[in-house]
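The chain contents come next:
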Amino acid sequence: MRSPVGDYLQEVLDALADERSGAVADYIPDLANADPDVFGAAVTTVAGRTYAAGDDEVEFSIQSISKPFAYAAALLDRGKETVLAAVGVEPSGEAFNELSLETGSRRPKNPMINVGAIATHDLLVGPGASVADKVERAREFFSALAGRELGIDESVFASELATADRNLSIAHMLRNYGVLQDDPHEVVEGYTRQCSITVTVGDLAVMGATLANGGVQPRTGERLMPPEVARQTLTVMAAAGMYDGVGEWFATVGIPAKSGVAGGLLGALPGQCGIAVVSPRLDAHGNSVRGIKVFQRLSADMGMHLMDSVPYGSTVLRGVHTSGGETVFELQGVIQFSGGEAVLHGLESDTSGTAVVLDLSRVDRMNDVGRRMLLEGLRRMRLDGRAVALIDPDRVLPDPDLGDGTLPEIRG
Ligand code: GLU
């Protein structure tokens, strides 16, 4: 059988073939030469499977889609405290190239608009690093995320740098307020190169899937960032990834995303997949017209809106049965707060007085909150005079200390 997922993606592109509104960006002269009809899409799941349709082999400059990944690299290189002291996380409601800073702190409002992205690029590697070091840091990191060596489009780079007056004025403003330490011309040169790194939709989809996968590149299995960095990056994408169109984007699509002026659009749905589209005609906000429509359709058809509620907790307790003087709670799936709460409620309701066994054989994983809730439940059951045991053949509950140095009976 051929999986219908790729066919579905192709169908979505076919349905939008006649959509020709919007215009190719021309403030970067080289981008005006882009083929406006290019249209490709790819989805990579957190299991590392990719489905692609249309012009998925076409390379284009990453442009602003570099911003979230450069932000992740800066967090890795400099730590959260230094990065947050330099750049905020608030939506700006402003155009991508606005010359603006937060009142009071004088930080750029977020790393997704140019002012914040230029400051973020300057944070790469460390104080005193050269332009070449910073660009190479970005290129190398993006390559690890994509799982292949990415190049730089020198023509797009030269064209943008030759007309970069706006970004230069942003960099001078940043230097004036002490946000930039380095020479504004050098920082803009490095930032512009970062924006000229070339990708395909397949590259972007796997880069997005890495964020969606908590920082582990799903194809190579390599951890490229800790979960907190992936979460922080997704957070700024949700808050500010679509420029001044972010509110409407989140209402209609509900996927953290970042767009670029070369027509790329990347979304990352936590725990599920990375999604990328390229189509160079842009709307007034600078976002790909067809890209937005593809995402609207995927979100609606595939139930991808992050704010849709999923009843995580109610599925965790698979069954409760009493046999041989014990009450066995059979758990399954993923245990986090709501699942932990459901188990605790089950324990609370059990007044049989028999031994209590939590059977975790069908549990895929649990987060630390789920783990601690289960252990606290067992601890309290034991205080009530009940014998407690765990069946955990795959060791999904590490370190089952009941909080006083003792362990439940472990079986399996
Ligand atoms: N290199 C572009 C700029 O700085 C990126 C803008 C974008 O993609 O939105 O203007």
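Computed from a predicted structure; not experimentally measured. Along each chain, the written sequence defines residue order, and numbers are assigned to residues from 1. Local features are withheld for residues below a pLDDT of 70 in this predicted model, meaning they are given only at 70 or higher, and side-chain atom pairs are given and counted only at 80 or more; totals for whole chains, interfaces and linings count all residues. For side-chain calculations, the full set of non-hydrogen atoms in the structure is used, while hydrogens and water are omitted.

### Things to note about the UniProt feature "binding site: substrate" (unreviewed entry) in the protein
UniProt positions are given in the numbering used here, feature names are shortened, and annotations may be inferred rather than shown by experiment. Mapped onto this structure's residue numbering, the UniProt feature "binding site: substrate" (unreviewed entry) falls at Ser64, Asn114, Glu160, Asn167, Tyr191, Tyr243 and Val261. Those annotated residues lining the largest cavity are, specifically, Ser64, Asn114, Glu160, Asn167, Tyr191 and Val261. Each helix is a run of H or I in the DSSP string that is no shorter than four residues. Each strand is a run of E no shorter than two, and both are numbered from the N terminus. Tracing the sequence through the fold places Asn114 in helix H4 (residues 114-123). Classification of residues uses two cut-offs on accessible area relative to the type maximum, computed with a 1.4 Å probe and protein chains only: under 20% is buried, over 50% is exposed, and between them is partly exposed. For Asn114, a relative accessible area of 3% corresponds to the buried category. Definitions used for this entry: grid spacing 1 Å over protein atoms alone; cavity, a set of points where a 1.4 Å probe fits but cannot get out; pocket, an open set with protein on both sides within 12 Å along at least 5 of 7 lines; lining residue, one with an atom within 4 Å of a point.

### Focus: the environment of Ser143
With respect to the helices, strands and loops of the structure, Ser143 is situated in helix H5 (residues 131-146). By definition in these notes, contact holds between two residues if any of their heavy atoms fall within 4.5 Å. Once you skip the residues sitting within four places of it in the chain, Ser143 turns out to touch Arg148, Glu149 and Leu150. Counting of polar contacts relies on pairs of N or O atoms within 3.5 Å, with two restrictions inside protein: one atom must be capable of donating a hydrogen and the other of accepting it, and residues adjacent in sequence are counted only when both atoms are side-chain atoms. Looking at Ser143, its side chain comes within polar contact range of the main-chain nitrogen of Leu150, at 3.0 Å.

### Things to note about the nonpolar core
Grouped together as the largest cluster of nonpolar side chains are 62 residues, with contacts concentrated most on Phe142, Leu174, Leu204 and Met207. The dominant element in this core, judged by the number of residues it contributes, is helix H2 (residues 66-78), at seven residues. Once you skip the residues sitting within four places of it in the chain, Phe142 turns out to touch Ile62, Ser66, Phe69, Ala70, Leu150, Gln194, Ile197 and Met207. To define a nonpolar core, start from buried Ala, Val, Leu, Ile, Met, Phe, Trp, Tyr and Cys residues and group those joined through side-chain atoms within 4.5 Å. Counting residues in each nonpolar core, the second largest holds 27 residues, with Val12, Val43, Val253 and Val277 among its members.

### Observations concerning the packing of H2 against helix H8 (residues 184-195)
Axis definition: a line fitted to C-alpha atoms, limited for helices to the stretch in contact. Angles are taken between N-to-C directions and run from 0 to 180 degrees. Running from amino to carboxyl end, H2 crosses H8 at an angle of 120 degrees, the nearest separation of the two axes being 10 Å. Taken together, H2 and H8 sit at an angle that is classed as oblique. As H2 runs across H8, the sense of the crossing is right-handed. Counted together, Ser66, Lys67 and Ala70 of H2 and Tyr191, Gln194 and Cys195 of H8 form the full contact between these two elements. What sets the label is the angle itself: under 35 degrees gives roughly parallel, over 145 gives roughly antiparallel, 65 to 115 gives roughly perpendicular, and the rest give oblique. Crossing handedness: left-handed means the near helix sits turned counterclockwise from the far one by under a right angle, and right-handed means the same turn made clockwise.

### A closer look at the site of the ligand
Taken together, Tyr27, Gln63, Ser64, Phe96, Asn114, Glu160, Asn167, Tyr191, Cys195, Tyr243, Gly260 and Val261 form the complete shell of residues around the ligand. For the ligand, a nitrogen atom lies 2.7 Å from a polar atom in the side chain of Glu160. At a separation of 2.8 Å, an oxygen atom of the ligand approaches a polar backbone atom of Val261. All accessible areas in this document rest on Shrake-Rupley with a 1.4 Å probe, and a residue is counted as covered only by the protein chains that are shown. Here the ligand has 290 Å² of accessible area as a free molecule, and 99% of this is covered by the chains. Ten residues, namely Ala, Val, Leu, Ile, Met, Phe, Trp, Tyr, Cys and Pro, are considered nonpolar, four, namely Asp, Glu, Lys and Arg, are considered charged, and the remaining ones, Gly among them, are considered polar. Here the shell around the ligand is composed, by residue class, of six nonpolar, five polar and one charged. Distances are taken per atom, and a residue is near a molecule or strand as soon as one of its heavy atoms is within 4 Å of it.

### Section: the sheet that holds strand E6 (residues 257-259)
Pairing between strands requires that DSSP locate at least two bridges from one strand to the other. Overall, antiparallel pairing links the five strands, which are arranged E3-E2-E8-E7-E6 in an open sheet. Every other strand in the sheet has two partners, leaving strand E3 (50-54) and E6 as the edge strands with one partner each. Within this sheet the neighbouring strands show an average axis-to-axis angle of 10 degrees, counted without direction. Across six bridges, the pairing between strand E7 (residues 264-269) and strand E8 (residues 273-278) is antiparallel. For Leu266, the partnering residue across the bridge sits in E8 and is Ala276. Against the sheet, helix H1 (residues 4-15) touches strand E2 (40-45) and E3, its axis set at about 30 degrees to E3.

### Re the packing of aromatic side chains
Only the six-membered ring of Trp is used, alongside the rings of Phe and Tyr, when aromatic pairs are assigned; centres must lie within 6.5 Å, and planes under 30 degrees apart are stacked while those over 60 apart are edge-to-face, with the rest tilted. For the coordinates displayed, the defined rule picks out three aromatic pairs. Aromatic side chains Phe69 and Phe142 sit 6.2 Å apart centroid to centroid with 70 degrees between the ring planes, which places their arrangement in the edge-to-face category. One end of the pair, Phe69, is in helix H2; the other, Phe142, is in helix H5, and 73 residues separate them in sequence. Phe142 matches Phe69 in its accessibility class, with the two residues each being buried. Consider the ring centre and the ring normal. A charge sits over the ring if Lys NZ or Arg CZ is within 6 Å of that centre and within 35 degrees of that normal. When the ring centre of Phe157 is taken as origin, the NZ or CZ atom of Arg193, which lies over that ring, is 4.1 Å away. We note Arg290 situated over the ring of Phe39; from NZ or CZ to the ring centre the distance is 4.4 Å.

### Here we look at the pairing of strand E10 (residues 317-323)
Both E10 and strand E11 (residues 326-335) contribute to a ladder of six bridges, which runs antiparallel. By the bridge assignment, His321 is partnered in E11 with Val328. In this structure, the hairpin formed by E10 and E11 is closed by a connection of two residues, where Gly324 is found at a positive phi of approximately 55 degrees.

### A short note on the UniProt feature "domain: STAS" (unreviewed entry) in the protein
Mapped onto the present numbering, the UniProt feature "domain: STAS" (unreviewed entry) falls at residues 316-391. Between the end C-alpha atoms of residues 316-391 there is a gap of 15 Å, over a span that is 38% helix and 43% strand.

### Brief notes about the pattern of salt bridges
In the sections that follow, a salt bridge refers to a side-chain nitrogen of Lys or Arg positioned within 4 Å of a carboxyl oxygen of Asp or Glu. Enumeration over the complete set of coordinates arrives at 24 salt bridges. Taking the shortest distance from any N to any O, the salt bridge between Asp7 and Arg2 comes out at 2.5 Å. Look at Asp7 and you get partly exposed, because its relative accessible area is 33%. On the accessibility criterion, Arg2 (64% relative accessible area) is exposed. Among the ionic pairs, Arg137 bridges to Asp77, the shortest N-O distance being 2.9 Å. Here Arg137, found in helix H5, pairs with Asp77, found in helix H2; they are 60 residues apart in sequence, far enough to count as distant. The network of salt bridges with shared partners includes Asp368, Arg371, Arg372 and Asp399.

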